[in-house]
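# A structural walkthrough
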Amino acid sequence: MEAVVGAKPVIKVAALCGSLRKGSCNRGLIRTALEISKESINGIQMEYIDISPLPMLDTDLEVGGKFPPAVEAFRHKIFESDSILFASPEYNYSVTAPLKNAIDWASRPPNVWGDKAAAIVSAGGGFGGGRSQYHLRQIGIYIDLHFINKPEFYLNAFQSPAKFDSDGNLIDPASKDKIKEVLLALQSLTLRLRGKN
């Protein structure tokens, strides 16, 4: 008798990049994750969410219980997602101002981050953005995000051989494999949190 194997439920992943620069290596990590989720992982529907339209957080912009239109749209995308993939560059040992701003807007009451699974990837010099990841994990505690613990992914973008092309696209096969491992771990945690695994 053949066992019937059910398809995994589809999870919605919101992908956010802390860098606003189009040629950013961290944007390249998100592009790679989008490609991998479409081509080789069943059950992940990933969408890149642009944080550049968000105004700087100013609670005076909250009028009559409403947020500015760009903030409302962003919050809705986060609320509708099952999990989050952050690409977090490291600025001064921490997360970038645009990413922290996006996190703060979505945490305004009601907090739309709560009880979602999350993962972080980063690229940069030195430690490859690793320090920003630990600050992001600290922020996640307060806003009730549940980060995968392993695998961790941080990549020194400037060591030989080249990891990225001149447009910021990831070209290193080993790094692509590691991103796939991150996505699979994110999928697994998301399904566990939803009681579907």
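Values in this document were obtained by computation on a predicted structure and should not be read as measured data. (Residues numbered from 1 in each chain as written. Predicted model: local features only at pLDDT ≥ 70, side-chain atom pairs only at ≥ 80, totals over all residues. Heavy atoms only, no water.)

## Comments concerning the state of the cysteines
- In the structure shown here, the tally under the stated rule is 0 disulfides.
- In this model Cys-17 remains outside any disulfide bridge; the closest cysteine sulfur is found in Cys-25, 9.9 Å from its own.
- Of the residues examined, Cys-25 reaches a relative accessible area of 15% and is grouped as buried. (Disulfide = S-S within 2.5 Å. Buried < 20%, exposed > 50% of the residue type's maximum accessible area, 1.4 Å probe, protein only.)

## Quick look at the pattern of salt bridges
- Scanning the model with the defined rule gives 5 salt bridges in all.
- With a closest N to O distance of 2.8 Å, Lys-77 and Glu-47 form a salt bridge. Remark: Glu-47 occurs in strand β2 (residues 44-48) and Lys-77 occurs in helix α2 (residues 69-80); sequence separation between them is 30 residues.
- For Glu-47, a relative accessible area of 37% gives the class partly exposed.
- Note that Arg-131 is salt-bridged to Glu-90, the shortest N-O span being 3.1 Å. Of this pair, Arg-131 sits in helix α4 (residues 130-142) while Glu-90 sits in the loop between β3 (83-87) and α3 (97-107), and the two are 41 residues apart along the sequence. (Salt bridge = Lys/Arg side-chain N within 4 Å of Asp/Glu carboxyl O. Helix = DSSP H or I, 4+ residues; strand = E, 2+ residues; numbered from the N terminus.)

## So, a nonpolar patch on the surface
- Among the surface-exposed residues, Phe-127, Tyr-134 and Tyr-154 lie close enough to one another that they form a single nonpolar patch of about 260 Å² accessible area.
- Looking at the secondary structure, you find Tyr-154 in strand β6 (residues 153-156). (Patch = residues over 30% accessible without salt bridge, like charges linked within 9 Å, V, L, I, M, F, W, Y side chains within 5 Å. Areas by Shrake-Rupley, 256 points an atom, 1.4 Å probe, with all protein chains shown as cover.)

## Quick word on the nonpolar core
- Core analysis: the largest hydrophobic core is formed by 32 residues, its most contacted members being Leu-29, Met-46, Leu-85, Phe-164, Ile-179 and Leu-183.
- Per element, the largest residue contribution to this core is 7 residues, and it comes from helix α5 (residues 173-193).
- Ile-179 has contacts with Leu-29, Thr-32, Ala-33, Ile-36, Phe-153 and Leu-170, leaving out every residue within four places of it along the chain.
- In terms of nonpolar packing, the next biggest core, distinct from the first, is built from 26 residues, Leu-16, Leu-54, Ala-118 and Leu-145 among them. (Core = buried A, V, L, I, M, F, W, Y, C linked by side-chain atoms within 4.5 Å. Contact = heavy atoms within 4.5 Å.)

## So, the packing of α2 against α3
- Where α2 contacts α3, the two axes come as close as 9 Å, and the packing angle between them is 80 degrees. On the basis of their axis angle, the class for α2 and α3 is roughly perpendicular. Contacts between α2 and α3 pair Val-71, Phe-74 and Arg-75 from the former with Ala-102, Trp-105, Ala-106 and Ser-107 from the latter.
- Looking at the contact of α2 with α3, its residues break down into 5 nonpolar, 1 polar and 1 charged. (Axes fitted to C-alpha atoms, helices over the stretch in contact; angles between N-to-C directions. Parallel < 35°, antiparallel > 145°, perpendicular 65-115°, else oblique. Nonpolar A, V, L, I, M, F, W, Y, C, P; charged D, E, K, R; others polar.)

## Some thoughts on α3
- What α3 keeps buried is the set Leu-99, Asn-101, Ala-102, Ile-103, Trp-105 and Ala-106.
- The N-cap of α3, judged by a side-chain oxygen 3.3 Å from the amide nitrogen of Leu-99 a few residues on, is Thr-96. (Polar contact = N/O pair within 3.5 Å; in protein donor to acceptor, adjacent residues only side chain to side chain.)

## A short note on the side chain of Lys-163
- The residue Lys-163 is located in the loop between β6 and α5 in this model.
- In terms of polar contacts, Lys-163 uses its side chain to reach the backbone carbonyl oxygen of Pro-161, at 3.0 Å.

## Here we look at unusual backbone geometry
- That bond from Lys-150 to Pro-151 is cis: its omega, 0 degrees, falls within 30 degrees of zero.
- One can find Pro-151 in the loop between β5 (145-147) and β6.
- For the bond running from Ser-160 to Pro-161, omega is -5 degrees, close enough to zero to count as cis.
- Within the element layout of this structure, Pro-161 appears in the loop between β6 and α5.

## Things to note about the packing of aromatic side chains
- Per the stated rule, a full pass over the model turns up 5 aromatic pairs.
- On the numbers, 6.1 Å between centres and 90 degrees between planes, the contact of Phe-67 with Trp-105 is edge-to-face. On the criterion of sequence distance, the pair formed by Phe-67 in the loop between β2 and α2 and Trp-105 in helix α3 is long-range, its members being 38 residues apart.
- By relative accessible area, which is 11% here, Phe-67 ends up buried. (Phe/Tyr/Trp six-rings, centres within 6.5 Å; stacked < 30°, edge-to-face > 60°.)

## So, the packing of helix α1 (residues 25-39) against α5
- It is the contact of α1 with α5, at a shortest axis distance of 10 Å, that shows an interaxial angle of 70 degrees. Judged by the angle between their axes, α1 and α5 are roughly perpendicular. Our pair here, α1 against α5, has a crossing hand that is right-handed. Seen from α1, the contacting residues are Leu-29, Thr-32, Ala-33, Ile-36 and Ser-37; seen from α5, they are Lys-176, Ile-179, Lys-180 and Leu-183.
- Partitioned by chemical class, the residues of the contact of α1 with α5 number 5 nonpolar, 2 polar and 2 charged. (Left-handed = near helix turned anticlockwise from the far one by under 90°.)

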